[in-house]
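Coordinates in review
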There are 2 protein chains.
Amino acid sequence: MRYVIIFALFGLLYGCAGEVDKPRVASQEVEQTFKWKLMTTWPKNYPGLGTAPETFAKLVERMSAGRLSVSVFGAGQLVPAFEVFDAVSQGTAEMGHGAAYYWTGKIKGAVFFTAVPFGLNAQEMNGWLHHGGGLELWRELYAPFNLIPFAGGNTGVQMAGWYNREINSMADIKGLKMRIPGIGGEVITRAGGTSVTMPGGDLYTSMQTGVIDATEWVGPYNDLAFGFHQVAKYYYYPGWHEPGAMLELVVNADAYASLPDDLKAIVEVAARAVNQDVLDEYTSRNNQALIDLVDQHGVELRKLPNEVLAELERLSAEVLDELAAENELTQRISASIKTFKENAMAYHAISEEAYYDARRVNK
Amino acid sequence: MRYVIIFALFGLLYGCAGEVDKPRVASQEVEQTFKWKLMTTWPKNYPGLGTAPETFAKLVERMSAGRLSVSVFGAGQLVPAFEVFDAVSQGTAEMGHGAAYYWTGKIKGAVFFTAVPFGLNAQEMNGWLHHGGGLELWRELYAPFNLIPFAGGNTGVQMAGWYNREINSMADIKGLKMRIPGIGGEVITRAGGTSVTMPGGDLYTSMQTGVIDATEWVGPYNDLAFGFHQVAKYYYYPGWHEPGAMLELVVNADAYASLPDDLKAIVEVAARAVNQDVLDEYTSRNNQALIDLVDQHGVELRKLPNEVLAELERLSAEVLDELAAENELTQRISASIKTFKENAMAYHAISEEAYYDARRVNK
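The rules behind these values
- Residues numbered from 1 in each chain as written.
- Chains lettered and ligands numbered in written order.
- Predicted model: local features only at pLDDT ≥ 70, side-chain atom pairs only at ≥ 80, totals over all residues.
- Heavy atoms only, no water.
- Pairing = 2+ DSSP bridges.
- Helix = DSSP H or I, 4+ residues; strand = E, 2+ residues; numbered from the N terminus.
- Contact = heavy atoms within 4.5 Å.
- Buried area = accessible area lost by both parts, 1.4 Å probe.
- Salt bridge = Lys/Arg side-chain N within 4 Å of Asp/Glu carboxyl O.
- Polar contact = N/O pair within 3.5 Å; in protein donor to acceptor, adjacent residues only side chain to side chain.
- Axes fitted to C-alpha atoms, helices over the stretch in contact; angles between N-to-C directions.
- Parallel < 35°, antiparallel > 145°, perpendicular 65-115°, else oblique.
- Left-handed = near helix turned anticlockwise from the far one by under 90°.
- Nonpolar A, V, L, I, M, F, W, Y, C, P; charged D, E, K, R; others polar.
- Least-squares fit on C-alpha atoms with pLDDT ≥ 70 in both.
- Phe/Tyr/Trp six-rings, centres within 6.5 Å; stacked < 30°, edge-to-face > 60°.
- Buried < 20%, exposed > 50% of the residue type's maximum accessible area, 1.4 Å probe, protein only.
- Lys NZ or Arg CZ within 6 Å of the ring centre and 35° of its normal.
- pLDDT = per-residue confidence, 0-100.
- Core = buried A, V, L, I, M, F, W, Y, C linked by side-chain atoms within 4.5 Å.
- Domains from an automatic or database assignment.

Structural notes on the sheet that holds strand β7 (residues 194-196) of chain B
Residue and element names in this part refer to chain B.
- The 6 strands lie next to each other as β7-β6-β8-β5-β9-β11, forming an open sheet whose pairing is mixed. The strands lining the two open edges of the sheet, one partner per strand, are β7 and β11 (300-303).
- Bridge count for strand β9 (residues 234-237) against β11 is 4 bridges, and the pairing is parallel. Residue pairing in the sheet places Tyr234 in a bridge with Glu300 of β11.

Quick notes on the interface of chain B and chain A
- Listed as interface residues are 90 residues of chain B and, on the opposing side, 92 residues of chain A.
- Taken together, both faces of the contact between chain B and chain A bury some 8,400 Å²; the carbon and sulfur share is 60%.
- The interface formed by chain B and chain A holds 12 salt bridges in total.
- The partner of Arg272 of chain B in a salt bridge is Asp277 of chain A, and the shortest N-O contact between them spans 2.8 Å.
- Our count for the chain B to chain A interface comes out at 43 residue pairs in polar contact (both at pLDDT 80 or more).
- Looking at the side of chain B that touches chain A, the elements with two or more residues in it are α1 (2-17), α2 (51-63), α4 (122-131), α10 (261-296), α11 (306-324), α12 (328-350) and α13 (352-359) of chain B.
- A total of 24 residues in the side of chain B that touches chain A trace back to one element, the largest contributor, which is α10 of chain B.

Re the packing of α4 of chain B against α12 of chain B
All names here are of chain B.
- For the pair α4 and α12, the least separation of the axes is 11 Å and the interaxial angle reads 130°. In terms of orientation, α4 and α12 fall into the oblique class. Where α4 crosses over α12, the handedness of that crossing is right-handed. Across from Gln123, Glu124, Gly127 and Trp128 in α4, the residues of α12 making contact are Ile333, Ser336, Ile337, Phe340, Ala344 and His348.
- Grouping the amino acids of the contact of α4 with α12 by side-chain chemistry returns 5 nonpolar, 4 polar and 1 charged.

Examining the relation of the copies chain B and chain A
- Superposing chain B onto chain A takes a rotation of 180° plus a shift of 0.0 Å along the axis, which leaves an RMSD of 0.0 Å. Taken together, the rotation angle and the small translation identify this as a two-fold axis. Closest approach to the rotation axis within chain B is made by the C-alpha atom of Ala273 of chain B, at a distance of 2.3 Å.
- Residue by residue, 100% of the interface of chain B is reproduced at the interface of chain A, so both copies engage with the same surface.

Considering the packing of aromatic side chains
- This structure, assessed with the given rule, holds 43 aromatic pairs over all chains.
- Between Tyr163 of chain A and Tyr236 of chain A, the ring centres sit 4.9 Å apart and the planes meet at 70°, which makes this aromatic pair edge-to-face. Placement of the pair is Tyr163 of chain A in strand β5 (residues 161-163) and Tyr236 of chain A in strand β9 (residues 234-237), with a sequence separation of 73 residues. Pair check on accessibility: Tyr163 of chain A and Tyr236 of chain A agree, each one buried.
- Between the aromatic rings of Phe113 of chain B and Trp128 of chain B, the centroid separation amounts to 5.5 Å while the plane-to-plane angle is 20°, which identifies the pairing as stacked. In this pair, Phe113 of chain B is assigned in the loop between β3 (95-98) and α4 and Trp128 of chain B in helix α4, connecting sequence segments 15 residues apart. Side by side, Phe113 of chain B and Trp128 of chain B carry an identical accessibility label, which is buried.
- The rings of Trp42, Phe82, Phe85, Tyr101, Tyr102, Trp103, Phe113, Trp128, Trp138, Tyr142 and Phe145 of chain A are connected pair by pair, giving a single aromatic cluster.
- Geometry around Phe150 of chain A places Arg139 of chain A over its ring, the cationic atom sitting 4.5 Å from the centre.

Description of the confidence of the model for chain A
Residues and elements named next belong to chain A.
- When the pLDDT values of chain A are averaged, the result is 92; 91% of them are 70 or greater.
- Segment residues 1-30: pLDDT under 50, and 40 contacts once partners within four positions in sequence are set aside and those in other chains are kept.
- Across the assembled chains, the prediction reports ipTM 0.91 with pTM 0.91.

Remarks on the pattern of salt bridges
- One pass over the full model with this rule turns up 44 salt bridges over all chains.
- One salt bridge in this structure joins Asp261 of chain A and Arg62 of chain B, with 3.0 Å as the shortest N-O distance. Linking Asp261 of chain A in helix α10 (residues 261-296) with Arg62 of chain B in helix α2, this pair reaches from one chain into another.
- Judged by relative accessible area, Asp261 of chain A falls into the partly exposed class, the value being 42%.
- Assessed through its relative accessible area of 30%, Arg62 of chain B is described here as partly exposed.
- The salt bridge partner of Glu140 of chain B is Arg332 of chain B, with a shortest N-O separation of 2.6 Å. Linking Glu140 of chain B in helix α5 (residues 134-142) with Arg332 of chain B in helix α12, this pair joins segments that are 192 residues apart in sequence.
- Linked through salt bridges whose partners overlap, the residues forming this network are Glu186, Arg190, Glu311, Arg314, Glu318 and Glu322 of chain A.

Some remarks on the side chain of Glu54 of chain A
All names here are of chain A.
- Within the secondary structure layout, Glu54 lies in helix α2 (residues 51-63).
- A residue is classified by how much of its surface remains accessible, and Glu54, at 15% relative accessible area, is buried.
- Residues in contact with Glu54, not counting those within four places in the same chain, are Lys44, Asn45 and Val72.

Some points on the nonpolar core
- Counting 236 residues, the largest nonpolar core has Tyr142 of chain A together with Tyr142 of chain B as the members making the most contacts within it.
- With sequence-adjacent residues up to four places away left out, Tyr142 of chain A is seen in contact with Phe85, Ala100, Trp103, Ile107, Ala110, Leu147, Pro149, Glu248 and Val250 of chain A.

A word on the domain arrangement of chain A
Residue and element names in this part refer to chain A.
- In terms of domains, chain A is made up of domain 1 (32-157 + 244-284) and domain 2 (161-242 + 297-341).
- Centre-to-centre, using C-alpha coordinates, domain 1 lies 24 Å away from domain 2.
- Counting residues at the interface gives 30 residues for domain 1 and 29 residues for domain 2.
- In total, domain 1 and domain 2 occlude about 2,900 Å² of area from one another, counting both sides; carbon and sulfur atoms represent 73% of this.
- Counting the surface domain 1 buries against domain 2, the share from its top three residues, Phe112, Pro117 and Phe118, is 26%.
- Counting the contacts that link domain 1 with domain 2 gives 1 salt bridge.
- Across the domain 1-domain 2 interface, the total number found is 11 residue pairs in polar contact (both at pLDDT 80 or more).
- Elements that contribute at least two residues to the side of domain 1 that touches domain 2 include exactly α4 (122-131), α5 (134-142) and α10.

Below you can see the structure in the form of structure tokens.
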């Protein structure tokens with residue numbers, strides 16, 4: 001450890017040059033530097049999703065005065081998007097940025113830490129994770145993989161997606177080929193549709209050629225960037241499948257353990273700041289992007305009928321209950337979210353929701 | 001500067017003890033330590049409001065490995081609550097934590113940076129500040145006072161408050177003596193009531209003795225702590241006067257300028273993290289506190305009638321327009337918020353709001 005060397009230096013110096021200002025032992029290890037790799041599941045610098053880890057790296061670099069430098073790699077630059085989890089687990093990179101539900105095939109409960117249909121919105125998800133026991137459960141879930149997860153951004157409520165078929169009843173979901181991952185995809189399948197998973201970059205062409213009839217992606221800010229309005233007839237709301245999609249920063253546990261405490265804190269607090277920054281950015285950019293889509297590109301907004309939402313909610317609860325029954329841990333995670341959601345719904349009915357209504361009282 | 005000494009040490013050592021690991025010049029100044037005072041407008045350690053600056057101090061201490069230590073003082077410990085702004089402006093303390101609208105008497109536009117009636121909620125306020133130009137305007141407003149403001153927490157939508165009189169129409173506001181500061185207070189006055197400003201600690205007794213008929217404070221989490229349910233008949237919603245009350249951290253500009261860049265970044269990022277942490281805490285604690293109030297203490301919830309909300313909205317717009325007309329800067333601030341709010345309302349109507357509705361589709 002470097003502080004030993006510094007301490008030795010002072011010892012030697014006292015011996016050969018007499019008194020100087022007294023050394024501060026608190027400065028131990030401040031000299032050691034770390035160079036980390038951070039792999040992401042997003043195209044390098046993709047708006048919001050891809051810029052979040054870049055922001056994280058900049059904050060860490062500045063706060064640590066360069067003692068911890070983090071190089072960010074986009075999907076495919078070192079490993080393909082869906083291999084980020086394994087790469088960080090094995091220590092090929094010290095960090096990863098993505099979304100927990102990409103690892104559903106490997107870890108049954110992972111999806112709970114991105115978003116579940118009709119679950120928590122962004123504000124509630126942050127409340128549950130940081131003051132409701134959520135983060136502790138997430139860490140328990142990832143511990144066997146030598147990974148420590150942090151909340152790494154939130155997109156807010158996502159849109160229901162782009163459709164080339166009007167949805168007037170559940171009959172219109174039958175035979176629908178839709179790109180929709182996670183539990184939302186399973187729900188569409190149970191409703192008689194076909195859910196497809198494919199990377200964002202393939203969606204435009206797949207919509208254009210009719211390989212798929214519909215796709216969800218994120219919301220106006222990201223959707224406008226992909227140009228879906230050029231290849232889809234309708235833009236549906238409300239999003240029901242990802243009401244507050246949480247991104248994740250994962251850190252290899254050995255790499256984290258090797259950091260002195262100040263750098264550990266810097267990683268933790270930078271993650272927390274970036275987590276908020278992403279939501280702030282989406283909250284701001286989505287507004288303007290929606291105006292552009294509707295006013296400049298003539299996008300037609302459509303609301304999913306309540307009859308359809310009701311059935312999707314019923315199917316979602318069914319799928320979530322099966323998932324909860326997988327093992328003891330998924331059961332605890334599910335129970336924790338359910339209780340938090342029930343209580344949040346009761347309070348938000350008289351706070352956030354009631355306020356949204358009140359604000360429109362003279363409109 | 002300490003790095004000169006370290007550099008000299010290495011120089012001497014090379015001369016007297018031969019080769020060691022090469023020194024890193026990047027570590028310049030890492031040895032300099034700063035001891036700051038942070039004054040708050042809250043009782044020391046008051047839930048949420050008062051614990052936020054304590055959390056900030058802990059994060060800064062850890063991230064800086066003790067190079068920047070921040071001692072937190074509650075209201076009245078060094079200066080009274082409402083003298084925090086001046087004390088930090090003059091450098092008596094390096095930092096303060098409170099709410100911008102406490103300084104309305106001194107700075108006309110300050111209230112825009114806490115909350116205005118029927119304005120932005122917490123998510124929107126954060127979006128506006130950090131990705132919508134709000135923070136830049138806030139800094140412009142505070143620059144003449146040698147202060148740099150940061151967002152320092154958000155309580156979410158506040159409750160309309162505790163009443164010992166039922167509000168069924170605007171006639172019931174006439175003659176109402178209510179503790180409600182800021183623009184909300186001005187609105188109550190214009191509606192024929194009497195608005196009173198007094199510190200939180202005096203409210204319980206004032207309600208008990210009938211000095212006031214009503215008081216707003218924050219929301220279930222903080223209100224339960226003050227025991228208002230023991231001295232008030234009704235708990236009203238929705239809050240219309242502070243839809244997303246933003247707390248502030250202010251830093252004396254000279255003190256900030258004296259920091260090396262890594263400590264500047266640490267202050268900035270710790271503030272950002274605490275800003276989110278406060279909202280997360282309120283989001284989680286308010287839920288449970290509401291249950292306690294209703295189930296254990298038999299609190300009666302009442303909704304303000306739409307007729308009343310409509311008139312309060314009309315009066316609020318009137319007061320806000322007058323405030324905007326004060327000077328060129330208040331005009332720009334007001335215009336910026338108005339545009340952001342309009343756009344956010346359009347997007348949130350099909351995202352957050354529509355989702356809240358969708359989630360209750362089977363309830």
